[in-house]
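Coordinates in review
Each chain is listed here by its residues.
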There are 2 protein chains.
Amino acid sequence: MCNMEVMCIVSFGRYTRPKFNLVLLIILQLSLHTVEGVWPLPQSFTSSTERYPLNPKAFYFGYGRQSAAQQDCSVLDAAFKRYFSLIFPDYTSGYGVLRFSGDKPFTVEIRVDHADCDSYPNENSSERYNLSVSAGQASLNAETVWGALRGLETFSQLVYQDDFGTYFVNKTEIDDFPRFQFRGILLDTSRHYLPVQAILKTLDAMAYSKFNVFHWHIVDDPSFPYQSRTFPDLSSTGAFHPMTHIYTQSDVRRVISHARLWGIRVLPEFDSPGHTQSWGKGQSDLLTPCYRGSTPSGTFGPVNPVLPSTYQFMARLFKEVSSVFPDSYIHLGGDEVDFSCWKSNPDVRAFMQKMGFGGDFTKLEAFYMEKIVNITSALKKTSIVWQDVFDYHERIPKDTVLHIWKGTPASYKEELSRMTKAGMRVLLAAPWYINHIAYGQDWRNYYTVQPLNFSGTEEQKKLVIGGEVCMWGEYVDATNLTPRLWPRASAAAERLWSDEKQTSSVDEAFPRLQDFRCKLVRRGIRAEPLHVGHCKHEYQGV
Amino acid sequence: MCNMEVMCIVSFGRYTRPKFNLVLLIILQLSLHTVEGVWPLPQSFTSSTERYPLNPKAFYFGYGRQSAAQQDCSVLDAAFKRYFSLIFPDYTSGYGVLRFSGDKPFTVEIRVDHADCDSYPNENSSERYNLSVSAGQASLNAETVWGALRGLETFSQLVYQDDFGTYFVNKTEIDDFPRFQFRGILLDTSRHYLPVQAILKTLDAMAYSKFNVFHWHIVDDPSFPYQSRTFPDLSSTGAFHPMTHIYTQSDVRRVISHARLWGIRVLPEFDSPGHTQSWGKGQSDLLTPCYRGSTPSGTFGPVNPVLPSTYQFMARLFKEVSSVFPDSYIHLGGDEVDFSCWKSNPDVRAFMQKMGFGGDFTKLEAFYMEKIVNITSALKKTSIVWQDVFDYHERIPKDTVLHIWKGTPASYKEELSRMTKAGMRVLLAAPWYINHIAYGQDWRNYYTVQPLNFSGTEEQKKLVIGGEVCMWGEYVDATNLTPRLWPRASAAAERLWSDEKQTSSVDEAFPRLQDFRCKLVRRGIRAEPLHVGHCKHEYQGV
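Criteria and cut-off values
- Residues numbered from 1 in each chain as written.
- Chains lettered and ligands numbered in written order.
- Predicted model: local features only at pLDDT ≥ 70, side-chain atom pairs only at ≥ 80, totals over all residues.
- Heavy atoms only, no water.
- Least-squares fit on C-alpha atoms with pLDDT ≥ 70 in both.
- Contact = heavy atoms within 4.5 Å.
- Salt bridge = Lys/Arg side-chain N within 4 Å of Asp/Glu carboxyl O.
- Helix = DSSP H or I, 4+ residues; strand = E, 2+ residues; numbered from the N terminus.
- Buried < 20%, exposed > 50% of the residue type's maximum accessible area, 1.4 Å probe, protein only.
- Pairing = 2+ DSSP bridges.
- Axes fitted to C-alpha atoms, helices over the stretch in contact; angles between N-to-C directions.
- Disulfide = S-S within 2.5 Å.

This brings us to the relation of the copies chain B and chain A. Each copy superposes on the other: chain B lies on chain A with an RMSD of 0.0 Å after a rotation of 180 degrees and an axial shift of 0.0 Å. Overall, the copies show the geometry of a two-fold rotation axis. Within chain B, the C-alpha atom positioned nearest to the axis of rotation is that of Ala438(B), 2.6 Å from it. Most of the interface of chain B is mirrored in chain A, where 100% of its interface residues are also at the interface.

What follows is the structure in structure tokens.
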């Protein structure tokens, strides 16, 4: 037995094929206890086989003398506690045999340039860090506390145990920073309600893969779980259950503060004018009454764009949302608007006439979205909208971010070109619809995406702010969320953080991702297996 | 809000389509608190809206005077304890508000014909039961304690709570029995090791769907976790890890006794001559040395069928296995034998000559399997073999059971005809390879299978002993086993237990299965959602 966290066996069994070769096994053995064992792969690193034993009884985190942040820095003090447990799982869980090789102390000294300990991470936060591990100490330097958090995660992944339970870390030099500044995961809490605990646990796992944005698709057609201060009826009548299936203001605060401690932004989405069936239950006259011939059918369509009351409602709702969610971005949706109900409604048709839109309902949607974007602009927030808005309407405020979710590689690359050509910033989700499960190693598809492989200038490429893994909720709730997300989402995480040239081989990534998956399992994350094999420490829960 | 365990919303969201209609919602509302709320659907039943409140403080299980089994019947005493907690989750968990409507006692009186309390369920065990629920009492009659267990499960599913937490059961008459005698689930503990706890939890969930056979595919190419008394080297060198990734004799006893208390048989599979790479590590000269030209290549193929030592080894191994596993069936595998290594080996070719097999290696495999089947016959065990053995070799002892795992509906129906025409008993697994996940409601495919819809006489149809859901382990371990199994396997469970005519509509099954899935979640089983919606009690773990 080697003392790797993961050992893999090539199986000849039913529907199984050898998926990697001896070369990779050798890479695995030689490298997994060095920086190559870090997921996502750091931008630049050197490491040696020189290793230092770590004794949890003589292991310390400290602030460097020149560090802007010192004792009582909320974000870092909390991180030190968390990472001590993550670095020494046996010690804290009391499990396993520990044999200390002497009691030499080891100190991780953190130095940050800005004492942004009580702020929130934002779109411009630097996550760059520099980590130097040598005898008796590691120096971790970063511009911000958020960068320091990424460095702590990297350090925690460098530590390993031998077969006797002794902890070691190898001599290492790392200079690291993210390739993309926006690395998100979308959770959908409308099609199924996710208990707050499930969201918090997901935030933990996100940080292990260095994701930095939680896109909270909090409401949609099926339910409205957000409990609004201004419009409490939205959840009391629009949620699956008015008491047990809602997010109270304190629930939301809890999610935001938990995310902050991991350096994760919380991006709320209140999708309109479509995907709003549940809104109609608690807010009369908000949705468009659909007509059968000359009489109302009793059913409702998208938000009614012709009533002034609609915009008064939205202004008040987004005023609340922008105060509850500190992030500078708000997601406004704007996707999949079904025009048939608008078409059926005489008032809407009359409005089209008046506005000179003719029969082009995309103009009406554009008119609506423009008004909503203006509301959020007035609130000093940056709007994100799904690509539909751009497809229907090239005239959008330049600082709006466009979110690509549709199509094949060919079509989303075309869309990337067109949007960036128009000077718009873009977020790519299309290749990472991770809710679409398939048999086998579909993580390979998420890994081999090349986000900047579209025709455009260097300036255009700079407009791609990042990517997002979407876990839509049709078939997902707290029972299966974690194994469906991990480690499949981690494949996208490396694509979004690491250098593409250094991570071009999916076969070389395979044993590294298997190793990382075992680290997740060791940390209590129900991350599913990639293929035949085992982890030194299997998941023990049921 | 209605007081159903499940409430469903038709979503218009991304990649979502309305999956059922108002009619079904009405069926759901009217019926889910009657026998229609029982999964799998009982064979014959009548129920009324007359309901009786149940008070956990005045609820009793008892043995009828004429019952052959009385106090201290191990199986039933244990079942009473389990089902009390399952019937009154709030009471035992202390969760929720209970408002008792009076303290009238309610007694479930069990009467069984045979006091088979300390035996094991077997292929001929009757599972028939009769349940009559009236004011103040329920009478449960069965031929065997195993039938009584099925009746207790049904009773537990009849009990529901109103919005105030009060428990009720409706007036009901049920006469029930399984359509098929063999209703199995296969778990693969070789491609990934499953901790014993995960197996025990699966046995619990199996009983909730009235599965009655746990097919333990315990060893295969990747690992040999079974710790043999006779050949300890098989696991000490063939398991993923000799200490942490094995099943000791006491682990196996624990699984068997836990299964017995649920009325579940444990069918061990020791698959050979193929799928035995891991065996070779602990047993030299067992596998066939492969040759490159005239010299051994260093790799090994299937079990070596030409050495007498092979059959001496197998005789000793199966002697142990047949004593450790009390069931009268043993699965011998026999699938997917790769002939290339046999072909390359000069000793094997010489043996072929001597036996007059010419170049037909299927004859060699048949020769091997016949010897193994004879070994188990001598041990008074019934052999099950995968279909390959029949395909290669029609001359098989008549009492052998053939296991169909290959092909499309067209091809496995053809196989069903041929095998039953030859007078062989058959077990159908092909349509229930549940490890093959797909996006969406693939449970519908498992539900709409018609196991007896093949061309053949009534006598032939009688030879189909049942079906099996296979969860092969390439991509499954304790992290994702439960949500991948449940409730998808439950769809097959109803097909194998219930009357096909009464359960012909998959759309009518949908709300019932959603309700059952919420019952599983309430019982702590991480059963994944079928579609958009919610459970009154969501899964709270992470």
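Still more to cover.
This brings us to the pattern of salt bridges. Oppositely charged side chains may form a pair once their charged atoms are brought near each other. For the coordinates displayed, the defined rule picks out 46 salt bridges over all chains. Two residues, Arg418(A) and Glu415(A), come together in a salt bridge whose shortest N-O distance is 2.7 Å. One end of the pair is Arg418(A) and the other is Glu415(A), both in helix α14 (residues 409–421) and 3 residues apart, which spans about a single turn. By relative accessible area, which is 30% here, Arg418(A) ends up partly exposed. Given a relative accessible area of 6%, Glu415(A) falls into the buried group. Glu127(B) is the salt-bridge partner of Arg183(B), the closest N and O atoms lying 2.8 Å from each other. Taken together, the positions of Arg183(B) in strand β9 (residues 182–188) and Glu127(B) in the loop between β4 (106–112) and β5 (129–134) put the pair 56 residues apart, joining distant regions of the chain. Of the two residues, Arg183(B) and Glu127(B), neither departs from the other in class, the shared state being buried.

The next subject is the sheet that holds strand β10 (residues 213–217) of chain B. Backbone-to-backbone hydrogen bonds join strands into a sheet, with any given pair of strands oriented parallel or antiparallel. Residue and element names in this part refer to chain B. If you walk around this closed barrel you meet the 8 strands as β9-β10-β11-β14-β15-β16-β17-β18, and the pairing is parallel. Shown here is a sheet whose adjacent strand axes are inclined to one another by a mean of 30 degrees, direction ignored. For strand β17 (residues 425–428) and strand β18 (residues 464–471), the ladder comprises 3 bridges, and the chain directions are parallel. Its bridge partner lying in β18, Val-426 is registered against Val-464.

Our next topic: the state of the cysteines. The term disulfide refers to a covalent linkage connecting the sulfur atoms of a pair of cysteines. Residue and element names in this part refer to chain A. Tallying each qualifying case throughout the model produces 6 disulfides over all chains. One disulfide in the model links Cys-290 with Cys-341; its S-S distance is 2.1 Å. Torsion about the S-S bond of the Cys-290 and Cys-341 cystine: about -110 degrees, corresponding to left-handed handedness. In this pair, Cys-290 is assigned in strand β12 (residues 287–292) and Cys-341 in helix α10 (residues 340–344), connecting sequence segments 51 residues apart. The burial state of Cys-290 is the same as that of Cys-341; both residues are buried.

Here we come to the environment of Val426(B). All names here are of chain B. Within the secondary structure, Val-426 is located in strand β17. Overall, the relative accessible area of 0% leaves Val-426 in the buried class. In the structure, Val-426 is positioned 10 residues away from Leu-416 in sequence and 7.3 Å away in space, judged by C-alpha atoms. Once you skip the residues sitting within four places of it in the chain, Val-426 turns out to touch Val-401, Leu-402, Ile-404, Leu-416, Met-419, Thr-420, Leu-463, Val-464, Ile-465 and Gly-466.

Let us now look at the sheet that holds strand β9 (residues 182–188) of chain A. Residue and element names in this part refer to chain A. Pairing is parallel in the closed barrel, where 8 strands are placed in the order β9-β10-β11-β14-β15-β16-β17-β18. Looking at each pair of strands side by side, their axes are set apart by 30 degrees on average, direction ignored. In terms of strand pairing, β9 meets strand β18 (residues 464–471) through 6 bridges, oriented parallel. In the sheet register, Gly-184 faces β18, and the bridge partner there is Glu-468. Strands β11 (265–272), β14 (329–333) and β15 (382–386) of the sheet are contacted by helix α12 (residues 361–378), whose axis makes an angle of about 165 degrees with β14.

Function cannot be inferred from these measures alone, as they are strictly geometric.
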